[in-house]
Amino acid sequence: MNETLATILRRRSVRVYRPDAVAQVELDRMLEAGRYAPSAMNQQPWHFTAIRNPELLLKLEESCKSAFVESNVEALREVAKQEGFSVFYQAPLMVIISGDPGAIAAQYDCTLAMENTMLAAASLGIGSCWTHAVMMFYATEKGKAVFRELGVIFPEGYQPYAAAVFGWPAEPYPEAPPKNADCVTIMD
Ligand SMILES: Cc1cc2nc3c(=O)[nH]c(=O)nc-3n(C[C@H](O)[C@H](O)[C@H](O)COP(=O)(O)O)c2cc1C
């Protein structure tokens, strides 16, 4: 198996991180890989916000958590009650990719950019986990206000489409969860 395929198969959602920062050199490589993702008509309608400030990450996480606790969606309240519930898993880096909603396919473009970023991280031994919870929080009025208060702002008119945390795994990579192979039709 070649290295690219091995990296794709090895990547797992990592939920236990060491506190060590992701250095600039690694972050640059990850973001470059993100920027090289395909995009509709090569519009590249994205912006990458990389948050490494520990205080800021902590404040964002606490706000997301309290939004879960107070949510009117029962399933979210239940998740938030679980022992050790965490949104960011103490990861030292979060990347949010925002995009121009007026572009042809901003959500797809940003999602592809995030997958590239995550795969590049995996190739460097850096774990990642998509954190949709952040997007759910941002979708609320309170969430938008908290982002603004904390100074996490996106280019004018852009909206965040993808968020993931990154860091050095504190444990060996988890086993792959079951992956269904019964989802392919080949028409020769
Ligand atoms: C759109 C999307 C949203 C996700 N949201 C979360 C999340 O909020 N929290 C989390 O821990 N994992 C989240 N995940 C990670 C999935 O749980 C994970 O990818 C899945 O269980 C498969 O595991 P693997 O990534 O190790 O292959 C999300 C993944 C995707 C693609």
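Residues numbered from 1 in each chain as written. Predicted model: local features only at pLDDT ≥ 70, side-chain atom pairs only at ≥ 80, totals over all residues. Heavy atoms only, no water.

The chain is annotated in an unreviewed UniProt entry as Nitroreductase from Chlorobium limicola. Its UniProt record, at the heading Sequence similarities (unreviewed entry), says of the chain: "Belongs to the nitroreductase family." (UniProt positions renumbered as here; feature names shortened; annotations may be inferred.)

(A) Quick look at the UniProt feature "domain: Nitroreductase" (unreviewed entry) in the chain. Following the UniProt record, one finds the feature "domain: Nitroreductase" (unreviewed entry) at residues 8–167. Secondary structure across residues 8–167 comprises 46% helix and 16% strand; the distance between its end C-alpha atoms is 17 Å. (Helix = DSSP H or I, 4+ residues; strand = E, 2+ residues; numbered from the N terminus.)

(B) Just the pattern of salt bridges, in detail. Taken as a whole, this structure holds three salt bridges when the rule is applied. With a shortest N-O distance of 3.4 Å, Asp 20 and Arg 18 are connected by a salt bridge. Overall, Arg 18 belongs to the partly exposed group, its relative accessible area being 36%. For Lys 142, the salt bridge goes to Glu 70, with nearest N and O atoms at 3.8 Å. Residue Lys 142 is located in helix H7 (residues 141–149), and its partner Glu 70 is located in the loop between helix H3 (54–69) and helix H4 (74–81); the two are separated by 72 residues in the primary sequence. (Salt bridge = Lys/Arg side-chain N within 4 Å of Asp/Glu carboxyl O. Buried < 20%, exposed > 50% of the residue type's maximum accessible area, 1.4 Å probe, protein only.)

(C) Representation of the site of the ligand within the structure. Looking at the ligand, the residues that line it are Arg 11, Arg 12, Ser 13, Arg 15, Tyr 89, Cys 129, Trp 130, Thr 131, His 132, Ala 133, Pro 177 and Lys 179. Between the ligand and the protein, one listed contact pairs an oxygen atom with a side-chain N or O atom of Arg 12 at 2.9 Å. Burial of the ligand by the protein amounts to 60% of the accessible area it has alone, namely 620 Å². Elements supplying a minimum of two residues to the shell around the ligand: strand E3 (127–130) and helix H6 (132–138). Along the lines of polarity and charge, the residues of the shell around the ligand split into five nonpolar, three polar and four charged. (Near = heavy atom within 4 Å. Polar contact = N/O pair within 3.5 Å; in protein donor to acceptor, adjacent residues only side chain to side chain. Areas by Shrake-Rupley, 256 points an atom, 1.4 Å probe, with all protein chains shown as cover. Nonpolar A, V, L, I, M, F, W, Y, C, P; charged D, E, K, R; others polar.)

(D) Representation of the nonpolar core within the structure. Core analysis: the biggest nonpolar cluster contains 29 residues, and Phe 88, Ile 96, Val 134 and Phe 147 have the highest contact counts within it. Contributions of two or more residues to this core are made by H3, H4, strand E2 (93–99), H6, H7 and strand E4 (159–167). Contacts of Phe 147, omitting those with residues within four sequence positions, involve Leu 60, Ile 96, Val 134, Phe 137, Tyr 138, Val 152 and Phe 154. Among the nonpolar cores identified, the runner-up in size contains 24 residues, and Leu 27, Met 30, Ala 164 and Phe 166 belong to it. (Core = buried A, V, L, I, M, F, W, Y, C linked by side-chain atoms within 4.5 Å. Contact = heavy atoms within 4.5 Å.)

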